[in-house]
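# Residue-level structural notes
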Amino acid sequence: MDLVMPDWGLVVWTTVTFLFLLILLRAFAWKPIMAAIGERERSIEDALLKAEAAKEEMSRLTNENESLIKQARAERDLILSEARKAKDQIVSDAKELAHKEGARMIELARVEINNQKAIALADVKNQVATLSLEIAEKILRKQFEDQQQQNELVSQLLKEVKL
Amino acid sequence: MDFSPVLNSKKITLGIILSVFSLFVTLKANAVQEKNESSTSVESKETEKFDPNEAILEHIADSHYFHIGGKVAIGLPVILYTDGGLEVFSASEFEHGEKAHQGKYHNYALVKDKIKVVGADGKTIDETAKIFDLSITRNVFSMWMSVVLLILIFVSVAGSYKKRVGKAPKGLQSLLEPLILFIRDEVALPNIGYKYAKFMPLLLTMFFFILINNLIGMVPFFPGGSNLTGNIAVTMVLAVITLIVVNVNGNKYYWKHIFAPDVPFWLYPIMWIVELAGIISKPFALMVRLFANIMAGHVIVLALISLIFIFQTLWVSPVSIAFALFIDVLELLVAFLQAFIFTMLTALFIGSAVEEHHH
C-alpha cells in the first residue's frame, strides 16, 4: 500500500522542480528552438517556392524563346522567299531590258549598215559613172580622131532620123 | 551559457552511449555483488532468509540513502518541517535505521525508510507529532540530476540553433530535432490544432522530463537506478499539471459540453457527475499508466535478478540475465512509449478543451 500512497514531500519537490524546469526550458530552450525551426522551415519553403517560380519562369522563357525562334525562322523564310522573288524579278527585268536594248541596238546597227551601204553604193555608182564617162570619152576621142569616121557617123545618124 | 563544445565532443557522446549499453553488463556485476553481500549477511545471521518481496519493494521505493555499491551509501540530506521549525541533517545520522537522531525539536528515527518522531529512548514512535518530510531523497536527487541534464542539453541545443541559423542541424541538435519535430507534428498539431504553439513548451518539457527519467531509471548503478517515473507522487504531479492546464484552457464549448450537454435538462445532474468523473479520470489514468508501466518494468527486472538469491545458486544467473536483458530492451521501448503516450494524451485532452465546434 505504501507504493500507491504518494509521498507528499516528493510531491512538493516534483511540483517545484517541474515548474522550474518548465519555466527555464521555455525561456532558454523551447522558444529559441521553436523559433529557429520555424524560421528555417519558412526559409526552406520560401526557397522551394522561389525555385518553383524560377522553374516556371524558365519554362516560360524557353517557350517564349521557342516562339521567337519560330517567328524569326518564319520571318527569315519570308524574307528569303521575297528576296528570291525580287531576284527573279530583277533578273527577268534585266533580261528583258537587255533583250530590248540588244534589239534596239541591232536595229540601229542595221539602219546604219543600210545607210553606209547606200552611201557606199552611191559612191561606187559615182565612181563607175565617172570611170565610164572617162572611158567613153577616151574611146570616143580615139574613134573620132579621123574626119572620115565622123562623117560616116553623122551620115548614119542622119539616115536614122526620119523626118 | 554555451555547453555545446562539452556536449558535442565525441568522447562525451561515446561515453553516454557506452554508459547506456553498459547497463546490461553492470546488471550482471550488480547481481554478483549483491550475491556476495547476501552471502556475508547469511554468514552473520544464519537463519535470515532472502525475502524477494522486501528486497524489490525496497529497491523501487524512495530512500534517504543513495547506494553506490556494496555497503557504500550516501546519506542524503533530511529536511523536516516540524511543528517546532525546520530541521536539516544528514540521513547518515540514522546509520541505516540503527540509530535515532536527536534533533533540535524532537528525536527522529528511520522506521521502514520513513522518518518518525520517537521518544527519548529512540524506540517508541510518537504518532501525534506532526512532521512534514521535505528531504532530498534519492528520487529528488535523481530528479534534480535529470533537470540539470535537461537544461544543459537543451540550452546547448538552443545555442547551436542560434549559431547555425538557417543551416542543417548538427551533432546533438540533429539527434534531438527529430524528437522535437515529432512532438510538434505528430503530437501537438494533430491533437490541438492551430493553437498548438502555446502548449509546445509544456508538451516538450513533459516528454523529455519523462523520457530522461525513464532512461535514468534503467541505469542500474549510481547515479541512476532511481524509480522516479515509477513513483506515484511524481506521476500524480504530472497528471495534476495536465488536469490544471486542460481545465484552465477549456473554452466555452468545453464547459458547455460539461454543464449543458444536449440532453433533456432533468438528466443534467447525472451528466454533471459523469462529466466530472471524466475530468478527474482522464488525468488519473495518465497517472496510473505511467506509474504502473515504469514500476512494473523495475519489478520484473528485480524479480528476475532475485531468482539468483531465491535459488541460492549462481547457475540461475544466465537465465536471469538473459530475461532481464530482454526486459531491459523492452523497457527501453517502454521508456519512449510511455513518455510519448503521456504527452500524446495530454495534447489530446488539451485539444478537446480548446477545440472550437458546436455539439
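Residues numbered from 1 in each chain as written. Chains lettered and ligands numbered in written order. Predicted model: local features only at pLDDT ≥ 70, side-chain atom pairs only at ≥ 80, totals over all residues.

- Per an unreviewed UniProt entry, chain A carries the name ATP synthase subunit b and comes from Mucilaginibacter rubeus.

## A word on the overall build of chain B
- Broken down by element type, chain B carries 10 helices and 8 strands.
- Relative to its 359 residues, chain B shows a buried fraction of 36%.
- Looking at chain B alone, contacts between residues at least 24 apart form 64% of all its contacts between residues at least 6 apart. (Helix = DSSP H or I, 4+ residues; strand = E, 2+ residues; numbered from the N terminus. Buried ≥ 20, exposed ≤ 12 C-beta atoms within 10 Å, placed from the backbone. Contact = placed C-beta atoms within 7 Å.)

## Some words on the overall build of chain A
- Per the secondary structure count, chain A includes 2 helices and 0 strands.
- Along the first, second and third principal axes, the C-alpha set of chain A runs to 205 × 25 × 20 Å.
- A burial count over chain A gives 7% of its 163 residues as buried.

## Remarks on the interface of chain A and chain B
- The interface is formed by 28 residues belonging to chain A together with 36 residues belonging to chain B.
- Looking at the side of chain A that touches chain B residue by residue, the class counts come to 19 nonpolar, 5 polar and 4 charged. (Nonpolar A, V, L, I, M, F, W, Y, C, P; charged D, E, K, R; others polar.)

## Regarding the domain arrangement of chain B
- As assigned here, chain B comprises domain 1 (77-135) and domain 2 (139-354).
- For domain 1 of chain B and domain 2 of chain B, the distance between their C-alpha centres works out to 34 Å. (Domains from an automatic or database assignment.)

## Description of helix α9 (residues 268-311) of chain B
Residue and element names in this part refer to chain B.
- A rise of 1.5 Å per residue sets the reference length of α9, with its 44 residues, at 64 Å; its end C-alpha atoms lie 60 Å apart and thus fit the reference within 8%.
- Of all the bends in α9, the greatest, near 30°, is centred on Ile305.
- After α9 finishes, the residue Gln312 shows a positive phi value of roughly 55°. (Expected span 1.5 Å × (residues − 1). Bend = angle between axes of the 7 residues up to and from the residue.)

## Some words on the environment of Ser142 of chain B
- Position of Ser142 of chain B among the secondary structure elements: in helix α4 (residues 138-163).
- Assessed through the 22 C-beta atoms surrounding it within 10 Å, Ser142 of chain B is described here as buried.

## Describing the confidence of the model for chain B
Residue and element names in this part refer to chain B.
- Residue-level pLDDT values for chain B average 82, and 86% of them are 70 or greater.
- Predicted confidence for residues 12-47 stays below pLDDT 50, and this span has 31 contacts to residues more than four positions away or in other chains.
- Scoring the predicted complex yields pTM 0.73 and, for the interface, ipTM 0.81. (pLDDT = per-residue confidence, 0-100.)

## Overview of the pairing of strand β3 (residues 77-82) of chain B
All names here are of chain B.
- Relative to strand β4 (residues 86-90), β3 is paired through 5 bridges, and the arrangement is antiparallel. Bridge assignment links Pro77 to a residue of β4, and that residue is Ser90.
- Where β3 hands over to β4, the hairpin turn is made up of 3 residues, of which Gly85 adopts a positive phi near 160°.
- In this structure, β3 lies alongside strand β8 (residues 131-133), joined through 3 bridges in antiparallel fashion. Each bridged residue has a counterpart across the sheet, and for Thr82 the counterpart in β8 is Ile131. (Pairing = 2+ DSSP bridges.)

## Considerations on the sheet that holds β8 of chain B
All names here are of chain B.
- Spatial ordering of the open sheet is given by β4-β3-β8, a layout of 3 strands whose pairing is antiparallel. Since the sheet does not close on itself, it has two edges, and those belong to β4 and β8, each with one partner. This sheet shows a mean twist of 25° between the axes of neighbouring strands, independent of strand direction. (Axes fitted to C-alpha atoms, helices over the stretch in contact; angles between N-to-C directions.)

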